[in-house]
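# Structure at a glance
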Amino acid sequence: MLNPRLLRVRSALMRQCMAEFLGTLVLILFVLSAAAQVTTSRQTKGQTLSIHLSWAVGVMSATFLTKGISGAHLNPAVSLCFCILGKLRWGQLLPYCLSQLLGAYVAAALVFALYYDAIMDFSGGVLTVYGPNETASIFATYPSQYLTLGNSFLDQVVGAGTLLLCILSLTEKRNTPAPPDLIAPIVAGIVLGIIMSMSANCGAALNPARDLGPRLLTLTAGWGTEVFTCYNYWFWVPIVAPVTGALAGTSLYLFFIEWQLPDEPLEKLPTISTISDSIKQSSTMWEKGDELKATHL
């Protein structure tokens, strides 16, 4: 019988990079496959909601898959913020980011192969960025026609900032941490909420690797340099803006939440009652009342 230890990679960093590669691949595979199915079927085999739900399922699946090895960052902006917070060594940042980018590229290549016939039939064999039969937006994000550069940048900043602001508190023991087994579905729910409410303008990339990896695939698979030059070289927005937003969200979290939390060993603050606590107290009182009645009887 084969000993699994013989196949175990000795380098911890290499194991983490392998996990980030595979996790990002799984995430982007869900997202782009849903986009390809909805687009090429002209929304007869799914709608925009299908893509939104696939985002959530992809995030949850990838997080469960890799959290125990690499922390399931799956996003260069998240990795950068974790370095700033001291949760990841700076020497791990570049390997993590390259692994995530490669995972996104390979996922896009798999989706292109999987839906190749459908893409060619939908586009008439002409791979373009513009027009009613464009297919580049299956893979990367592009701005709506009405959107200005400043508004599109703000859109990406707010989306990524909201993501970091919401996920950073999930493991904070001085606050109300999420149960470890529920972190993946909670993060998936957060991403689902952001995608459903902030994707109309330019697709809510949230993740530089999610956009750049598939964009590089379209560059090499037949769409050409237009994927980078279109909309006045807009491609840099979903790379820079999510990082900017993630840093802003992290700063807001630190100033408004983490630095204001009590230091438990030094401060003993009164317990803050919640609705669930009140319900528990009420049920306990009813149980005690029933016990007293039973005793008298």
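A brief report on the enclosed structure follows. (Residues numbered from 1 in each chain as written. Predicted model: local features only at pLDDT ≥ 70, side-chain atom pairs only at ≥ 80, totals over all residues. Heavy atoms only, no water.)

### Brief notes about the packing of aromatic side chains
Just so we agree on the cut-off: For this analysis, a ring pair means two rings from Phe, Tyr or Trp (six-membered ring only for Trp) whose centres lie within 6.5 Å, classed as stacked if their planes differ by under 30 degrees, edge-to-face if by over 60, and tilted for the remaining angles. Secondary structure elements follow DSSP: runs of H or I of four or more residues count as helices, runs of E of two or more count as strands, with numbering from the N terminus. Per-residue accessibility, obtained with a 1.4 Å probe over protein chains only, is compared with the maximum for each type, and a residue is labelled buried under 20%, exposed over 50%, and partly exposed between these values. Whether a charge sits over a ring comes down to the Lys NZ or Arg CZ being within 6 Å of the ring centre and within 35 degrees of the ring normal.
Summed over the entire model, instances satisfying the criterion amount to 9 aromatic pairs. Aromatic side chains Phe112 and Phe139 sit 6.3 Å apart centroid to centroid with 65° between the ring planes, which places their arrangement in the edge-to-face category. In this pair, Phe112 is assigned in helix 4 (residues 90-114) and Phe139 in the loop between helix 5 (116-123) and helix 6 (149-167), connecting sequence segments 27 residues apart. Using a relative accessible area of 13% as the deciding quantity, one classes Phe112 as buried. Plain terms: the ring middles of Phe153 and Trp236 are 5.8 Å apart, the flat faces sit at 40° to each other, and that makes the pair tilted. Highlighted residues: Phe153 in helix 6 and Trp236 in the loop between helix 9 (226-233) and helix 10 (237-256), separated in sequence by 83 residues. Grouped by ring-pair contacts, the aromatic residues Phe112, Tyr116, Phe139 and Trp223 constitute a single cluster. If you follow Lys87 out to its NZ or CZ, it ends over the ring of Phe82, 5.4 Å from the centre. Above the ring of Tyr142, the side-chain terminus of Arg215 is found at 4.8 Å from the ring centroid.

### A word on helix 7 (residues 183-198)
Note the threshold: Expected helix span is computed as 1.5 Å times (number of residues minus one). Two residues form a contact once any of their heavy atoms are found within 4.5 Å.
Here helix 7 is 16 residues long and its end C-alpha atoms lie 22 Å apart, about the 22 Å a rise of 1.5 Å per residue gives. Residues Ile183, Ala184, Val187, Ala188, Ile190, Val191, Leu192, Ile194 and Ile195 constitute the buried set of helix 7. Check the buried side of helix 7 and you find it contacts helix 2 (48-70) and helix 6.

### Focus on the side chain of Asn201
The following threshold applies: For the purposes of these results, a polar contact is taken to be a pair of N or O atoms within 3.5 Å, where, inside protein, one atom must be able to donate a hydrogen and its partner to accept one; residues adjacent in sequence count only when each atom of the pair is a side-chain atom.
Inspection of the secondary structure assignment puts Asn201 in the loop between helix 7 and helix 8 (208-221). Within polar-contact distance, the side chain of Asn201 engages the side chain of Asp155 at 3.1 Å. The residues touching Asn201, leaving out its near neighbours within four places in the chain, are Tyr142, Pro143, Ser144, Tyr146, Leu147 and Asp155.

### Remarks on the layout of surface pockets
This is how the line gets drawn: Site definitions follow a grid-based scheme: protein atoms alone, a 1 Å grid, a 1.4 Å probe that fits but cannot get out for cavities, and for pockets an open set with protein on both sides within 12 Å along at least five of seven lines, plus lining residues having an atom within 4 Å of a point. Grid points are joined across faces, edges and corners, and a volume is the space filled by probe spheres set on the points. Residues are grouped as follows: Ala, Val, Leu, Ile, Met, Phe, Trp, Tyr, Cys and Pro are nonpolar; Asp, Glu, Lys and Arg are charged; every other residue, Gly included, is polar.
Volume-wise, the largest pocket comes out at about 830 Å³. Lining the largest pocket are 31 residues, with Ile51, Glu134, Ser137, Ser199 and Gly203 positioned closest to its centre. Elements represented by at least two residues in the lining of the largest pocket include exactly helix 1 (12-40) and helix 2. Looking at the lining of the largest pocket, its residues break down into 17 nonpolar, 12 polar and 2 charged.

### Quick look at the packing of helix 1 against helix 4
Cut-off, in case you're wondering: Note on geometry: axes are C-alpha line fits, over the in-contact stretch for helices, and angles between N-to-C directions span 0 to 180 degrees. Crossing handedness is read from the near helix: turned anticlockwise from the far helix by less than a right angle, it gives a left-handed crossing, and turned clockwise, a right-handed one.
At a minimum axis separation of 7 Å, helix 1 and helix 4 run at an interaxial angle of 35°. At the point where helix 1 passes helix 4, the crossing takes the right-handed sense. Its residues assigned to classes, the contact of helix 1 with helix 4 shows 18 nonpolar, 7 polar and 1 charged.

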